[in-house]
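Fold and contact review
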Amino acid sequence: MSQSEDSSVLRKPYIAANWKMNLDRAKALDLTKTLKARLGDGDDREVAVFAPFVYLADVAAVSQGSPIGLGAQNVHWEKSGAFTGETSAPMLRDVGVDRVLIGHSERRQIFLEKEEWMGRKIRQALDHDILPMLCVGETLDERKKGKVAAVLRRQVRSALDWVEASEIHRLCIAYEPIWAIGTGEVATPDQASEAHSIVRDVIADMFGDAVAGSFRVLYGGSVSKDNVRDLMSVPDVDGVLVGGASLKAETFLPIIEYDR
Ligand code: PEP
């Protein structure tokens, strides 16, 4: 297998739904059933849903026997203790979760999660066999001030300080420019390409070129059926994290089934 074939296998397109605090139990399960019925064996693309905590066990039961990955939207950095309102990695594992979002901008901005927590959360997830998806991205103000590279480098470096090179294949990063989340404004393929190569360069600096070449970087921010193909045709874009358009089968399925 050549190096490029090898990296295309390792970097299988990854389409992820972030349901945030949306849907009710019936709608979440209906949508899961529809995805399950429509997905094949999951061989050519990886699909996952990041569901609200209270529906995780039910979504796990419905998606059983399908290749759909099941993710939580947050995790605590300790495995148990006096942390009212929080959920630990062993608890997530217990209900069938196999992946987790870490550092989504809504957690950082609205709930004031600190940058120094991200690495500890990643560590905790990995230690309990849960695949972390680290979310990074700049504000509009940071973009206007030319700080995109500095922000991304800082966010990625500080979070991955807790990871060994041998573990990096279990992680992925979602580049989500904050100005594009839920706004209908999407990064251009050039903007996505630039940001993704900054992220990949940091991985190369920290863990070497071979690791960086097999590492998946997703784009998130107003992805829809109309822009997914352009975004996925950017060489450094390995997948998409989808919010609003992931809430209904009619908007999410065409994204999953985008034409390569
Ligand atoms: C998100 O918040 O992860 C996201 C990508 O949202 P949207 O697709 O709605 O912009």
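As shown above, the structure is provided for reference.
Residues numbered from 1 in each chain as written. Predicted model: local features only at pLDDT ≥ 70, side-chain atom pairs only at ≥ 80, totals over all residues. Heavy atoms only, no water.

Digging into the sheet that holds strand 3 (residues 69–72)
Worth spelling out the cut-off: Here a strand pair is declared whenever DSSP counts at least two bridges between the two strands. Secondary structure follows DSSP: runs of H or I at least 4 residues long count as helices, runs of E at least 2 residues long count as strands, and numbering of each begins at the N terminus. Axis lines are fitted through C-alpha atoms, for helices just across the contact stretch, and the angle between N-to-C directions can take any value from 0 to 180 degrees. We call two residues in contact whenever any of their non-hydrogen atoms come within 4.5 Å of each other.
Pairing within the closed barrel is parallel, and its eight strands lie in the order 1-2-3-4-5-6-7-8. Averaged over all pairs of adjacent strands, the angle between their axes in this sheet comes to 25°, without regard to strand direction. As paired strands, strand 7 (residues 216–220) and strand 8 (residues 239–242) are joined by three bridges and run parallel to one another. By the bridge assignment, glycine 220 is partnered in strand 8 with leucine 241. Along the sheet face, helix 9 (residues 189–207) touches strand 6 (172–175) and strand 7 and points at about 145° away from the line of strand 7.

Some words on the pattern of salt bridges
Going by this rule: Salt bridge, as used here: a side-chain nitrogen of Lys or Arg that lies within 4 Å of a carboxyl oxygen of Asp or Glu. We call a residue buried when its accessible area falls under 20% of the maximum for its residue type, exposed when it is over 50%, and partly exposed in between, using a 1.4 Å probe and counting protein chains only.
Overall, the coordinates contain 23 salt bridges when judged by the stated rule. Close ionic contact of arginine 123 with glutamate 167 constitutes a salt bridge, the shortest N to O distance being 2.7 Å. One end of the pair, arginine 123, is in helix 6 (residues 115–127); the other, glutamate 167, is in the loop between helix 8 (148–160) and strand 6, with 44 residues separating them in the sequence. The pair formed by arginine 123 and glutamate 167 is uniform in burial state, with each residue classed as buried. Among the charged side chains, a network of salt bridges with common partners joins Arg11, Arg200, Asp236 and Asp238.

Brief notes about helix 12 (residues 249–256)
Let me state the cut-off plainly: Directions pointing from the helix axis toward each C-beta atom define the arc.
Of the positions making up helix 12, those classed as buried are Ala249, Phe252, Leu253, Ile255 and Ile256. Down the axis of helix 12, the buried side of the element spans an arc of 160°, and every buried residue falls inside it. Buried residues belonging to helix 12 abut strand 1 (14–18), helix 2 (25–38), strand 2 (46–50), helix 11 (228–232) and strand 8.

Digging into helix 2
Spelled out, the test is: Multiplying 1.5 Å by the residue count of a helix minus one yields the expected span of that helix.
Taking 1.5 Å of rise per residue, the 14 residues of helix 2 would be expected to cover 20 Å, and the 20 Å separating its terminal C-alpha atoms lies within 8% of that figure. Residues of helix 2 that are buried include every one of Ala28, Leu29, Leu31, Thr32 and Leu35, and no others. Here the buried residues of helix 2 occupy an arc of 160° about the axis, which is enough to place them on one side. Residues of helix 2 that are exposed and point more than 90 degrees away from the buried face comprise Ala26, Lys27 and Ala37. Where the residues of helix 2 are buried, they touch strand 2, helix 3 (56–63) and helix 12.

Here's the deal with the site of the ligand
How we decide: Here, proximity means that at least one heavy atom of the residue falls within 4 Å of the molecule or strand. Each polar contact in these results corresponds to two N or O atoms within 3.5 Å; when the atoms are within protein, one needs to be able to donate a hydrogen and the other to accept it, and residues that are neighboring in sequence are counted only if both atoms are side-chain atoms. Exposure was quantified through the Shrake-Rupley algorithm and a 1.4 Å probe, taking into account, for residues, occlusion by the shown protein chains and nothing else. Lys, Arg, Asp and Glu make up the charged group, whereas Ala, Val, Leu, Ile, Met, Phe, Trp, Tyr, Cys and Pro make up the nonpolar group; the residues left over, Gly among them, are polar.
Not every one of the 15 residues close to the ligand is listed here, only the nearest: Lys20, His104, Gly182, Ser222 and Gly243. A distance of 3.4 Å separates an oxygen atom of the ligand from a polar atom in the side chain of asparagine 18. Measuring from an oxygen atom of the ligand, one finds a side-chain N or O atom of histidine 104 at 2.8 Å. Considering the ligand on its own, with 290 Å² of exposed area, one finds that the protein chains cover 95% of that surface. Its residues assigned to classes, the shell around the ligand shows four nonpolar, eight polar and three charged.

With respect to the pairing of strand 5 (residues 131–136)
Burial analysis of strand 5 places five of its six residues in the buried class, the great majority of the element. Both strand 4 (residues 99–102) and strand 5 contribute to a ladder of four bridges, which runs parallel. Each residue of the ladder has a partner; that of arginine 99, found in strand 5, is leucine 131.

Quick look at the side chain of asparagine 227
Looking at where asparagine 227 falls in the secondary structure, it is placed in the loop between strand 7 and helix 11. By relative accessible area, asparagine 227 is classed as buried at 14%. Reaching out from asparagine 227, the side chain makes a polar contact with the backbone oxygen of serine 222 at a distance of 3.0 Å. Apart from the residues lying within four places of it in its own chain, the contact partners of asparagine 227 are Val186 and Ser222.

Just geometry here; none of it tells us what the structure is for.
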